[in-house]
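So the chains spell out like this:
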Amino acid sequence: MRHHTRLCPFFVALLGTVLGLLLAAPLLAEGAMDARLQEVDPLLRQLEPTRAQFLNVARQHGQFLRMLVEMTGRKRGLEIGTSNGYSAIWIGLGLEKTGGKLQTVEIVPETSAMAKANLEKAKLQGTVTCIVGDALEVIPKLQGTFDFVFIDALKPDYWRYYELVKPKLEAGAVIAAHNALSSREAMSKYFELLDADPNLQTTIVQIEPGDGFAVTFVRDKPQ
Ligand SMILES: C[S@@+](CC[C@H](N)C(=O)[O-])C[C@H]1O[C@@H](n2cnc3c(N)ncnc32)[C@H](O)[C@@H]1O
């Protein structure tokens, strides 16, 4: 009985900590929603259960992409690997705020069609343009320059996408490459290229749950 009484404060403290973490976790993970996100949220929630099938970024990763675009004020976006448009919705929300546009490339026509429909549902058809095709063939044909690039297609090809997009990068551009933690090995040649260029500064950003981004700041035109 005495033993039980002595343990009690410990368990109370433990319970308090666990409850505190459980209550704090959703706030830390998602935060309060602004009016535009509230409008799009039912669609995002509808897409999230099929995340594994469509290889979408996690919700928190999408939030990070939106935040990255907004806080850096980027306006000319390119996404490589659209899938059904989940991450494009998040990036589009950011660009809507900065007055920017996104072009997103997907090799599978049926998946790109789903993305187009989802972006229309999110009322982002004026902000995001879906392009069907192999990014390795599409990127050289794209007009103009980019100040925000999100790479999320085949990991061993990240370096190829980068080489093609390099001449179109503006000084001050931001490149976010997904799965920088889980696919570090497959992305090694990409990292080598980034590391060799003194005009680039790259940081790996880990975001719960699990994975993260290699975020590159293009200080000056890449060499
Ligand atoms: C990880 S998923 C993209 C997920 C998406 N960014 C999201 O979070 O909603 C990768 C996508 O890249 C596409 N893909 C693979 N190779 C490609 C290429 N060479 N050009 C364009 N898209 C490609 C795949 O068909 C797949 O839909």
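In every chain, residue numbers begin from 1 and rise along the written sequence. At least 70 in pLDDT is required for a residue's local features to be given in this predicted model, at least 80 for side-chain atom pairs to be given and counted, and no such filter applies to totals for whole chains, interfaces and linings, which use all residues. The basis for the side-chain values is all heavy atoms of the structure; hydrogens and waters are excluded.

J.: Before we go on, may I ask you to explain the site of the ligand in this structure?
T.: Working definition: residue near molecule or strand if any one of its non-hydrogen atoms lies within 4 Å of it. As a structural note, the neighbourhood of the ligand is formed by 21 residues, with Asn56, Val57, Glu106, Ala135 and Asp152 the closest of them. Think of a polar contact as two N or O atoms within 3.5 Å of one another; within protein, one of them needs to be a possible hydrogen donor and the other a possible acceptor, and neighboring residues in sequence only count if both atoms come from side chains. Contact between the ligand and Gly81: a nitrogen atom at 2.9 Å from a main-chain N or O atom of the residue. Between the ligand and Ile107 there is a distance of 3.2 Å, counted from a nitrogen atom to a backbone nitrogen or oxygen. Areas reported as accessible are Shrake-Rupley estimates using a 1.4 Å probe. Residue values count occlusion only from the protein chains shown. Calculation on the ligand without its partners gives an accessible area of 600 Å², and the protein chains cover 90% of this total. Each helix is a run of H or I in the DSSP string that is no shorter than four residues. Each strand is a run of E no shorter than two, and both are numbered from the N terminus. Looking at the shell around the ligand, the elements that each hand over two or more residues are helix H5 (86-98) and strand S2 (101-106). Gly is put with the polar residues, along with every residue not named as nonpolar or charged; the nonpolar set is Ala, Val, Leu, Ile, Met, Phe, Trp, Tyr, Cys and Pro, and the charged set is Asp, Glu, Lys and Arg. Split by residue class, the shell around the ligand holds eleven nonpolar, six polar and four charged.

J.: Help me out: how do you make sense of the side chain of Thr82 in this one?
T.: With respect to the helices and strands, Thr82 occurs in the loop between strand S1 (76-80) and H5. A distance of 2.6 Å separates the side chain of Thr82 from the side chain of Thr104, its partner in a polar contact. Contacts: residue pairs with any heavy atoms within 4.5 Å of one another. Leaving out residues up to four positions away in the same chain, Thr82 has contacts with Thr104, Val105, Glu106 and Ala115.

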